Amino acid sequence: MTHGVPADRIAMASVGDGGKGGHSNSDGGDAGAKENVTDLFLRLNLTGEEETILDFSDDKGETELPQVEWAVVGKVLSPSIVNVSTIHAAMKPTWGNPHGLKFRVIGAKENNMFMVEFGSKKEMERIMAGTPWMVDMHAVILQPYDERLSVSEIVFNWMEIWARILNVPLGWMIQQRGSRAMSLIGDVVKMDVDGDGKSSGAFLCARMAIDIEKPLRRGVLLRLSRSEEPRWFVVQYEWLPFYCFSCGVLGHSEIECSDPAPRNEIGKLPYDV
Ligand SMILES: [Zn+2]
């Protein structure tokens, strides 16, 4: 995990500000960084002032930096701007008004990205384990906060969700085979099985990390024995946020779809299931 305040905390800084002093600890970095800097020198032909390096490897004297202890970054998958106040207002009651809750916008407004802090590790983990969260049915994607990343480097491309495969034969309602079937949908985070590795109930169920840039899987094809034809087993999701009936991808509607699909003989779109 990436929480707490690591020693190499990077503060907001501007380098090469016209040489007005202040940036004195500028005598180079480590070997790996040096290579990149050399490339940069060659490519951009930096001025002497631009070559000044502000080095944050030594944190002495920066003890008053605001602490970010238990934080996650998030994004609302919506084609229109969702204000952080709207996200806050929706999540506060849904999350049970957690202690120390603090939201702030990160990046450009139209990215719908935010950072949220919690009062404790326990609260943060509870919220992370409860996904998918939604604002007006739009998915709220959460990821661990990593202070080394800039906003443009944060990638929101997966989401954890509970998924089920319906009508699976009893012989597949076990950890090993079941997770093989589930892995057709995404990465298995946790199978819903008992202490003996067996699944009970009407369906196979697992917490999955799914790729949100791909169409949702509507089902899986399983060949249950060598002599049989593959069979189609329907997949269901618990608390599925808003997605496109045309292309099956989360975050926009079929009205806004850039690749609208033809309707079938009864007028239904492919993902209208
Ligand atoms: Zn679409």
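Residues numbered from 1 in each chain as written. Predicted model: local features only at pLDDT ≥ 70, side-chain atom pairs only at ≥ 80, totals over all residues. Heavy atoms only, no water.

Undergrad: Which residues make up the sheet that holds strand β7 (residues 187–191), and what are the values?
TA: The antiparallel open sheet is built from 5 strands, whose spatial order is β7-β8-β6-β10-β9. Edge positions in the sheet fall to β7 and β9 (219–222), since each has one partner strand and no second. Averaged over neighbouring strand pairs, the angle between their axes works out to 35 degrees when direction is ignored. By the bridge criterion, 3 bridges tie strand β6 (residues 158–166) to strand β10 (residues 231–237) in an arrangement that is antiparallel. Across the sheet, residue Ile165 finds its bridge partner in β10, namely Val235. (Pairing = 2+ DSSP bridges. Helix = DSSP H or I, 4+ residues; strand = E, 2+ residues; numbered from the N terminus. Axes fitted to C-alpha atoms, helices over the stretch in contact; angles between N-to-C directions.)

Undergrad: Got a sec to walk through unusual backbone geometry? Specific residues and values, please.
TA: Residue Pro132 follows Thr131 across a cis peptide bond; omega there is 5 degrees. Within the secondary structure layout, Pro132 lies in the loop between α3 (121–129) and β4 (133–135). In this structure, Asn97 takes a positive phi of about 45 degrees despite not being glycine. Tracing the chain through its elements places Asn97 in the loop between α2 (84–94) and β2 (102–105).

Undergrad: Explain the coordination of the zinc ion to me, using residue names and the numbers behind them.
TA: Coordination of the zinc ion by the protein comes from Cys244 (SG), Cys247 (SG), His252 (NE2) and Cys257 (SG), over a distance range of 2.0 to 2.4 Å. Taken together, the 4 donor atoms coordinating the zinc ion and their angles of 104 to 116 degrees define a geometry best described as tetrahedral. Site description for the zinc ion: donor spacing in sequence, C-x2-C-x4-H-x4-C. When sorted by exposure, Cys247 lands in the same class as His252, which is buried. (Donors = N, O, S within 2.8 Å, 3.2 Å for Na, K, Ca; no water. Tetrahedral: all angles 85-135°; square planar, octahedral: opposite > 155°, others 65-115°. Buried < 20%, exposed > 50% of the residue type's maximum accessible area, 1.4 Å probe, protein only.)

Undergrad: Go over a nonpolar patch on the surface with me, naming the residues and quoting the values.
TA: A contiguous nonpolar surface patch, about 320 Å² in accessible area, is contributed by Leu221, Trp232 and Val234. On the secondary structure map, Val234 appears in strand β10. Given the relative accessible area of 39%, Val234 is considered partly exposed. (Patch = residues over 30% accessible without salt bridge, like charges linked within 9 Å, V, L, I, M, F, W, Y side chains within 5 Å. Areas by Shrake-Rupley, 256 points an atom, 1.4 Å probe, with all protein chains shown as cover. Salt bridge = Lys/Arg side-chain N within 4 Å of Asp/Glu carboxyl O.)

Undergrad: Go over the pairing of β6 with me, naming the residues and quoting the values.
TA: Where β6 lies against strand β8 (residues 203–211), 9 bridges are found, and the strand directions are antiparallel. Within β8, the position partnered with Ala163 by the bridge is Ala206.

Undergrad: I'd love a proper account of the confidence of the model for the chain, names of residues and values included.
TA: Here the chain shows a mean pLDDT of 84. Residues at 70 or above account for 84%. Below pLDDT 50 for its whole length, residues 1–29 participates in 53 contacts with residues either more than four positions away or in separate chains. (pLDDT = per-residue confidence, 0-100. Contact = heavy atoms within 4.5 Å.)

Undergrad: Can you explain the pairing of β10? Please cite residues and give values.
TA: Where β9 meets β10, 4 bridges bridge the pair, whose relative direction is antiparallel. Across the sheet, residue Val220 finds its bridge partner in β10, namely Phe233.

Undergrad: If you had to explain the nonpolar core to someone new, which residues and values would you point to?
TA: Judged by nonpolar contacts, the single largest core of 38 residues is most densely connected at Met159, Ile165, Met182, Ile185 and Leu204. Of all the secondary-structure elements, those providing two or more residues to this core are β1 (71–76), β3 (113–117), β5 (138–144), β6, α4 (175–182), β8, β9 and β10. In contact with Met182, not counting residues within four places along its chain, are Ala163, Arg164, Ile165, Val188, Met191, Leu204, Cys205, Ala206 and Met208. The next biggest cluster of nonpolar side chains, apart from the first, holds 17 residues, and it includes Phe103, Phe114, Met124 and Leu142. (Core = buried A, V, L, I, M, F, W, Y, C linked by side-chain atoms within 4.5 Å.)

Undergrad: So what's going on with α3? Residues and values would help.
TA: For an α-helix, 3.6 residues make a turn, and residues three or four places apart therefore share a direction. Those residues of α3 lying buried are Glu123, Met124 and Ile127. Each buried residue of α3 lies within a common arc of 100 degrees when the element is viewed along its axis, so the set occupies one face. Against the buried residues of α3 lie β1, β4 and β5. (Arc of directions from axis to C-beta.)

Undergrad: Any chance you could break down the packing of aromatic side chains for me, citing the residues and the numbers?
TA: A full pass over the atoms with the stated rule returns 5 aromatic pairs. Ring geometry for Phe103 versus Phe114: centroids 5.4 Å apart, planes at 45 degrees, classification tilted. With Phe103 in strand β2 and Phe114 in strand β3, this residue pair connects regions lying 11 residues apart in the sequence. Neither Phe103 nor Phe114 differs from the other in exposure class; each is buried. An aromatic cluster is defined as three or more aromatic residues linked by ring pairs; in this entry it consists of Trp95, Phe103, Phe114, Phe118 and Trp133. The residue whose ring lies beneath Arg218 is Tyr271, and the NZ or CZ to ring-centre distance is 4.0 Å. (Phe/Tyr/Trp six-rings, centres within 6.5 Å; stacked < 30°, edge-to-face > 60°. Lys NZ or Arg CZ within 6 Å of the ring centre and 35° of its normal.)

Undergrad: Describe the pattern of salt bridges, with residues and values.
TA: According to the stated counting rule, one finds 6 salt bridges in the structure shown. For Arg104, the salt bridge is made with Glu117, and the minimal N-O distance between the two is 2.8 Å. Note that Arg104 is positioned in strand β2 and Glu117 in strand β3, a separation of 13 residues in sequence. Accessibility expressed as a relative area gives 11% for Glu117, which makes it buried.

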